[in-house]
Amino acid sequence: MTRRVPLRPAVSALPAYVPGARVPVGAAAFKLSSNENPYPPLASVQAAIIDAASDVNRYPDMFATELTEALAQHLTADLSPQALEDHGAVSAEQVVVGNGSVAVLAHILEAVVDAGDEVVYPWRSFEAYPIVVSVAGGTGVPVPLAAHGRLDLQAMAAAVTDRTRVVLVCTPNNPTGAALTQTELLDFLRTVPTDVLVVVDEAYLEFVRSDDPVDGTAALAAHPNVVVLRTFSKAYGLAGLRVGYAVARPRLATGIRSASTPFGVSHLAQRAALASLEAKDELLARVDTIVAERTRFADGLRDQGWDLPESQANFVWMELGQRTAERAAEAAAAGVIVRPFAGEGIRVSVGEHEATDIFLRVAAGWR
């Protein structure tokens, strides 16, 4: 009798990661399902990619040395004078890059989580969290969100036990868009045992416009059990090249780097990320345009009577309950592809001006 190769039970039980729907070939529609930057790479970034293409017969720099050094310089420049005086500059040895922030998160968990260790995370939040936790051998401890799609930090702190090894903090939270303040984050960190790693996932930090925004790097300077997770996919518009990075204390960074996939970031991706850092001001001006469109989008929905969380990301969240799938199909038929979460709601990325207009017309019909 032929026997089948068994999969690990944790793998067999994994929930499926559902990507944002793609626009069918030949269809006239706007893709607002994946929180992508609607703008193509800058001309200078495209030139760097083209130039790097001639070297793809060679392996990339395994540790992305030039990129980690450039990131350390940019992170240091963003520190407040007080943080710089108290804790010093960010060093290149604190930076670990990987094949997108999801891969970097997986390496973080591989470095610190043993079988049966608990990982606390908010829910609903980034849907990769339960997947990477299970693959690492950990036990997920999802904590329901508070009102208005916000993280319930008090409940998350209460969920920490002697078995907890990691807490994931997503701010702004995907898919609700709600963001913590720095005061809230620092208060929370003071309640977490110092041997529990706190991963501050800041995939959307460039879109935040609040009076007290989270600054993960400053939190890391004051709390050695913090790891900051960031990406070039959203604000920098490099989703197709997969570049993410973590910032941690040197000992933790060394462990994460040891668990990382060798040559995990392609040469094209490294050169594009470097060119993007050099053009940071130009790229952040584009972010300002996206934020302005987010405001127009959310204000238009509220004027129709929708109750929305206060999004600080590049998307808005609409609770639609059991009508979610139906509404997503109607939006697609009208020419805008959104991301439904069955039985809960839809996440709509901020895209082109025309896409906003189409979706506002569709949403008005739902009222």
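In this text the structure is predicted, and so the values were computed from the model without any measurement.

1. Points about the UniProt feature "domain: Aminotransferase class I/classII large" (unreviewed entry) in the protein chain
UniProt records the feature "domain: Aminotransferase class I/classII large" (unreviewed entry) for residues 30-357 in the present numbering. Spanning residues 30-357, this segment combines 41% helix with 17% strand, and its end C-alpha atoms are found 11 Å apart.

2. What to know about helix α10 (residues 250-259)
The α-helix advances 3.6 residues per turn, and as a result positions three or four apart in sequence lie on the same side. For α10, the full list of buried residues reads L252, A253 and I256. Seen along its axis, α10 keeps its buried residues to an arc of 100 degrees; they face one direction. Facing away from the buried side of α10, by more than 90 degrees, are the exposed residues R251 and S258. Looking at the packing, one finds that the buried side of α10 touches β2 (95-98), α5 (101-112), β6 (197-201) and β7 (226-231).

3. As for the pairing of β7
In terms of burial, β7 is largely enclosed, as six of its six residues are buried. Side chains V226, V228 and R230 of β7 all project onto a buried face; the interleaved residues V227, L229 and T231 project onto the opposite face, where all are buried too. Relative to β7, β6 runs parallel, the two being bridged by four bridges. Pairing of V200 across the sheet is with V228, part of β7. Between the parallel elements β6 and β7, the chain passes through helix α9 (residues 216-222) in a crossover that is right-handed.

4. Describing the UniProt feature "modified residue: N6-(pyridoxal phosphate)lysine" (unreviewed entry) in the protein chain
The positions that UniProt labels "modified residue: N6-(pyridoxal phosphate)lysine" (unreviewed entry) are, in the present scheme, K234. Once residues lying within four places of it in the same chain are set aside, the contact partners of K234 are S34, N35, N37, A203, Y204 and F207.

5. Here's the deal with the domain arrangement of the protein chain
The domain architecture assigned to the protein chain consists of domain 1 (15-40 + 280-365) and domain 2 (43-279). Placing a centre on the C-alpha atoms of domain 1 and another on those of domain 2 gives a separation of 24 Å. Taken together, the contact between domain 1 and domain 2 spans 30 residues of the former and 32 residues of the latter. When domain 1 packs against domain 2, the two sides together hide about 2,600 Å² of surface, and 56% of this comes from carbon and sulfur. Put simply, domain 1 and domain 2 have four salt bridges between them.

6. Structural notes on helix α2 (residues 43-52)
Looking only at α2, the buried set comprises V45, A48, I49 and A52. Buried residues of α2, viewed axially, fall in a sector of 100 degrees; they line one side. Residues A43, I50 and D51 are exposed on α2 and point more than 90 degrees away from its buried face. Looking at the buried residues of α2, the elements they touch are α11 (267-278).

7. Here we look at unusual backbone geometry
R124 follows W123 through a cis peptide bond whose omega is 15 degrees. Here the bond from N174 into P175 is cis, since omega is 25 degrees, no more than 30 degrees from zero. Looking at where P175 falls in the secondary structure, it is placed in the loop between β5 (164-170) and α8 (182-189).

8. Let's talk about the packing of α5 against α10
One can describe the packing of α5 onto α10 by two numbers: an axis separation of 8 Å at closest approach and a directional angle of 110 degrees. Between α5 and α10, the angle falls in the class roughly perpendicular. Residues H107, I108, E110 and A111 of α5 lie in contact with α10, whose contacting residues are G255, I256 and A259. In terms of residue class, the contact of α5 with α10 is made up of four nonpolar, two polar and one charged.

9. Some thoughts on the nonpolar core
Core analysis: the biggest nonpolar cluster contains 86 residues, and L67, F232, L301 and F359 have the highest contact counts within it. Residue-level mapping places this core at the junction of two domains, with at least three residues from each of domain 1 (15-40 + 280-365) and domain 2 (43-279). The residues touching L301, leaving out its near neighbours within four places in the chain, are W306, L308, V316, M318, F359, L360 and A363.

10. A word on the sheet that holds β7
With mixed pairing, the seven strands of this open sheet are ordered in space as β2-β8-β7-β6-β5-β3-β4. The open sheet is flanked by β2 and β4 (139-144), the only strands paired with a single partner. Geometrically, the sheet is characterised by an average inter-axis angle of 20 degrees between neighbouring strands, direction not taken into account. Across six bridges, strand β3 (residues 118-123) lies against β4 in parallel orientation. Bridge pairing in β4 places V120 opposite V141.

11. Here we look at the packing of α2 against α11
Contact pair α2 / α11: the axes reach a minimum separation of 8 Å and the direction vectors enclose 150 degrees. By the criterion of interaxial angle, the relationship of α2 to α11 is roughly antiparallel. Crossing angle aside, the handedness with which α2 passes α11 is right-handed. Residue-level inspection shows S44, V45, A48, I49 and A52 of α2 in contact with α11, the latter providing H267, L268, R271, A272, A275 and S276.

12. What about the side chain of R327?
Among the structural elements, R327 can be located in helix α13 (residues 324-334). For R327, a relative accessible area of 10% translates into the label buried. Contacts of R327, omitting those with residues within four sequence positions, involve L320 and W366.

Each value, and the rule that gives it
Residues numbered from 1 in each chain as written. Predicted model: local features only at pLDDT ≥ 70, side-chain atom pairs only at ≥ 80, totals over all residues. Heavy atoms only, no water. UniProt positions renumbered as here; feature names shortened; annotations may be inferred. Helix = DSSP H or I, 4+ residues; strand = E, 2+ residues; numbered from the N terminus. Buried < 20%, exposed > 50% of the residue type's maximum accessible area, 1.4 Å probe, protein only. Arc of directions from axis to C-beta. Contact = heavy atoms within 4.5 Å. Pairing = 2+ DSSP bridges. Right-handed = clockwise from strand over helix to strand, strands pointing away. Domains from an automatic or database assignment. Buried area = accessible area lost by both parts, 1.4 Å probe. Salt bridge = Lys/Arg side-chain N within 4 Å of Asp/Glu carboxyl O. Axes fitted to C-alpha atoms, helices over the stretch in contact; angles between N-to-C directions. Parallel < 35°, antiparallel > 145°, perpendicular 65-115°, else oblique. Nonpolar A, V, L, I, M, F, W, Y, C, P; charged D, E, K, R; others polar. Core = buried A, V, L, I, M, F, W, Y, C linked by side-chain atoms within 4.5 Å. Left-handed = near helix turned anticlockwise from the far one by under 90°.

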